[in-house]
Amino acid sequence: MNSIARTWDSIADRHPIGRFVDACLRGASQVMLQNNPLTGLLILGAIAWGSIRTGTAAVIVGVLVALIVGTLTARLLRVSAASWRQGLFGFSPLLTGAALTTFLADRPLLWVYVVLGAAVTTVVTLALSNVLRIWGVAALTFPFVLTSWFLLMGAYQFARIGISTLSHPALPVPSERANVPLTFEFLATGMLKGVAQVFLIDDWISGVVILVALAVNSRAVAVAAILGTVVGTFVAIGLGVYGDPIGKGLWGFNAVLTAVALAVVLYRPSPAVAVYALLGTITAVCVQAALTTALTPLGIPTLTAPFVIATWLFLLPKRDFAPIAHHERVEEATAVTTARPRR
Amino acid sequence: MNSIARTWDSIADRHPIGRFVDACLRGASQVMLQNNPLTGLLILGAIAWGSIRTGTAAVIVGVLVALIVGTLTARLLRVSAASWRQGLFGFSPLLTGAALTTFLADRPLLWVYVVLGAAVTTVVTLALSNVLRIWGVAALTFPFVLTSWFLLMGAYQFARIGISTLSHPALPVPSERANVPLTFEFLATGMLKGVAQVFLIDDWISGVVILVALAVNSRAVAVAAILGTVVGTFVAIGLGVYGDPIGKGLWGFNAVLTAVALAVVLYRPSPAVAVYALLGTITAVCVQAALTTALTPLGIPTLTAPFVIATWLFLLPKRDFAPIAHHERVEEATAVTTARPRR
Amino acid sequence: MNSIARTWDSIADRHPIGRFVDACLRGASQVMLQNNPLTGLLILGAIAWGSIRTGTAAVIVGVLVALIVGTLTARLLRVSAASWRQGLFGFSPLLTGAALTTFLADRPLLWVYVVLGAAVTTVVTLALSNVLRIWGVAALTFPFVLTSWFLLMGAYQFARIGISTLSHPALPVPSERANVPLTFEFLATGMLKGVAQVFLIDDWISGVVILVALAVNSRAVAVAAILGTVVGTFVAIGLGVYGDPIGKGLWGFNAVLTAVALAVVLYRPSPAVAVYALLGTITAVCVQAALTTALTPLGIPTLTAPFVIATWLFLLPKRDFAPIAHHERVEEATAVTTARPRR
């Protein structure tokens, strides 16, 4: 295993194409805040499996096209080589590719939209990273969210871009109580799908593969991802969410990302951080509910905005969270996008 | 009077519980940008009176629970002791408690929501204060607004959180002219309620008590509050707002806060500042109308967002407002939330 | 020609009223990011012509009133003399005056609204410029957009402010394909109107005069404006926008501003910048579609927000756009609003 990794690293070091493939694979792993080409490869496999199995093969094609275009655009814009090689310019375009192919109809112009969206996501990554550097926080997946929101809302005005699975714009209605029996199987597959829904995939086997992909790089991250989807799903059920959205893992993915970010990657793990991350993960669930209401009249989904908002809110007070010397980690994770760090 | 104050201060200095109670009382006064435990005590009395009298006793309970939980959370997060003792971590949670108990149904889960909301409001206070420190402006009540918006919008998705007095989500409709006779009593009680509505209380006697509470600490502030509700109400009437909302003081409270903030607390009072604050107060009324329209499809109220937005817009140009040496005051008011000031 | 310009400059230098008129004229030219009193004069002529020709003479009156009030307010607030003389406090109020008189009914209170709106736009210009200075980007026309959005949304709550040409608030509906034949005349007048729509004028001759006004100051800017309206219109048609909005130039004006800003004024022109500006201009079209959808339930137009958002997103990564030494230009363009630059 290790010797394969070493061989790969030496290939990536010497060959421009190997370096590009390596940056793309790391980009796929960066969606989960990891920096590991094997994790990325397994994740791409999970997306391919899930997208083909659920009859939406356009998703894996969109993911690959956007990952390559976004990474290439960053190269053309001469971003910092170090950030580029870590895949920090691949993960948001990848998600833009997944979202556009999931929610829009598979017509020729969709692919123009995917290429355009991937390139613009990279520009937005640079813009938001420059804005957020002042506070020492990363843009996370917000470049993906912003670009995809623009393109999905735009689709309503563009007759040649077809809308497929977006909800109809409507006024929010209070949801009603229901008596849905919760079986173990329903919950377990829902929670595993919650991991896969980070990549907009509705398949529990993909969720298992992604957990394996995480464990390859860090067992703590895999555990945080599992706890995240469990907490997210149970909090949603406890507050009165029923049926389909639970079974599809839609209340898991933002919690997964928030738990991974707060409990393991951006703060140094400790019991206090675990409690703090738990509060942050519950907050992500509430923000998801809020944004679902807010976006109902516009007919677009929350994407990973709840994760981004909750994580920013729980990351920004960090200076006051004195006893934990987490600074190195935070800086490492936010050292995005520039050759010349300004602080 | 003064000897009582001195005795209280010495109790607060020596006993941890006295210190905590003192921080909570000052927190209640900080909603009005004051730092005085007696003012806070009178305000809590006014809220208790108004909430019981209008048949919504849950509000005073929510206010007290949220004030205590928010202040405690700040302690656990080891915020700056000086800011904490001034009540700067109490006022936003207090308002979150008032809003959630006002707009949501009194079921058991409401109280989980109140405790969660108060704790999260404190985290958001730290986050926004860190963001805004760069421009030298305070977060004001925006942590309350943001957290409460999230939780109220979230309630539409959570079947076990009941909505009570929120307006139904709807598309905005231009309001029509009406011929409503304005009596002195209608206007006077409406304007006094405008003061109480800062705390979501619909009772004119509560408004009188709050004015007394302000006068205890600063007569200028009490005068600014009166002028604020008068200006807010008359500007709204002048532009064509009629009936119930005027009578309930709903066009007064944002103007009250804006007038207090701009005319007395954050700028050094002067004739020029009075004119500037007047323009700011009129702006708050227009922003309130705008946000009322913007939030109609989402079925949530503006809360104090119009005050926050108008005050930020009129505070941020301060460097260009050269002749008035207001810097000390502004800095004092924004020295929120950190042991280690960064500028 | 040059001797007239020199005479004018010497009048503006010596007489306070000449200086004021000069600042106002330059303000009219700054809407297009120019700094030239003759350009401004021609633009005001184009607005007068267009507003009278289309039967909306209130627009030119609103434009002049707002330009004067906004510029005066800046003087009273003692802004930096250098910025003031360049017209940097005139262009946003001017547009506020155009928007309010275009979309609201011509009743007496409209003019209170115009004067208030112009004064507030200047305060907002100072506020946003101070906020954005940290990132070295200008507020562009966003003070106009923000203030006008507030006042237009507010009009729905104010019965004495009448709504005239705003769209009814509605839920967004996907637009349908249509078979509209595109004649040369339809496209050419639509594209010329696209230039005039920067000032909310629906007249192609006004568009021609504005192009002449730009060429007087810089031929490159005039060319960029033409290319902007051509690209904007064709991209919109290519993505499936039909009929009236194309013919009225509504898909041209944001593209015009974005092309001028990115290709000529804020970056140093080069082939790479041209490609980058093209991507930015296409992005402006997509953002316009997105905001059109987002604002449909609120019954307000996008105004120039798509230009501002696209330009900010493509301006903020500038530090990573290494090979082009555009810094002087950017700083020049953003040296707005203060005597004491802080960076």
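Residues numbered from 1 in each chain as written. Chains lettered and ligands numbered in written order. Predicted model: local features only at pLDDT ≥ 70, side-chain atom pairs only at ≥ 80, totals over all residues.

## Here's the deal with the relation of the copies chain C and chain B
For step 1, the next point in the chain: Superposing chain C onto chain B takes a rotation of 120° combined with a translation of 0.0 Å along the rotation axis, leaving an RMSD of 0.0 Å. Taken together, these values place the two copies in the relation of a three-fold axis. When C-alpha distances to the rotation axis are compared across chain C, the minimum falls at P297 of chain C, with a value of 4.2 Å.
For step 2, the next point in the chain: A different interface surface on each copy is seen, since only 6% of the contact residues of chain C are contact residues in chain B too. (Least-squares fit on C-alpha atoms with pLDDT ≥ 70 in both. Contact = placed C-beta atoms within 7 Å.)

## Side note on the domain arrangement of chain A
Residues and elements named next belong to chain A.
For step 1, the next point in the chain: On domain assignment, one finds that chain A holds domain 1 (7-155) and domain 2 (184-334).
For step 2, the next point in the chain: Each of domain 1 and domain 2 has a C-alpha centre, and the two are 20 Å apart.
For step 3, the next point in the chain: At the interface, 34 residues of domain 1 touch 34 residues of domain 2.
For step 4, the next point in the chain: At the level of elements, helix 3 (37-53), helix 6 (91-103) and helix 8 (142-155) are the ones that each hand at least two residues to the side of domain 1 that touches domain 2.
For step 5, the next point in the chain: Sorting elements by how many residues they give to the side of domain 1 that touches domain 2 places helix 3 first, with 11 residues. (Domains from an automatic or database assignment. Helix = DSSP H or I, 4+ residues; strand = E, 2+ residues; numbered from the N terminus.)

## Examining the interface of chain C and chain B
For step 1, the next point in the chain: Of the residues lining the interface, 33 residues belong to chain C; the matching set on chain B comes to 31 residues.
For step 2, the next point in the chain: For the side of chain C that touches chain B, the secondary-structure elements that each account for two or more residues are helix 7 (108-132) and helix 8 (142-155) of chain C.
For step 3, the next point in the chain: It is helix 7 of chain C that contributes the most residues to the side of chain C that touches chain B, 10 residues altogether.
For step 4, the next point in the chain: When grouped by side-chain class, the residues that make up the side of chain C that touches chain B number 25 nonpolar, six polar and two charged. (Nonpolar A, V, L, I, M, F, W, Y, C, P; charged D, E, K, R; others polar.)

## Here we look at the relation of the copies chain B and chain A
For step 1, the next point in the chain: Mapping chain B onto chain A leaves a residual RMSD of 0.0 Å; the transformation is a rotation of 120° accompanied by 0.0 Å of translation along its axis.
For step 2, the next point in the chain: Of the interface residues in chain B, just 6% have counterparts in chain A that sit at the interface too, so the contact is made through distinct surfaces.

## Re the interface of chain B and chain A
For step 1, the next point in the chain: The interface is formed by 33 residues belonging to chain B together with 32 residues belonging to chain A.
For step 2, the next point in the chain: Contributing elements (two or more residues each) for the side of chain B that touches chain A: helix 7 (108-132) and helix 8 (142-155) of chain B.
For step 3, the next point in the chain: Sort the elements by how many residues they give to the side of chain B that touches chain A and helix 7 of chain B lands first, with 10 residues.
For step 4, the next point in the chain: Class assignment for the residues of the side of chain B that touches chain A results in 25 nonpolar, six polar and two charged.

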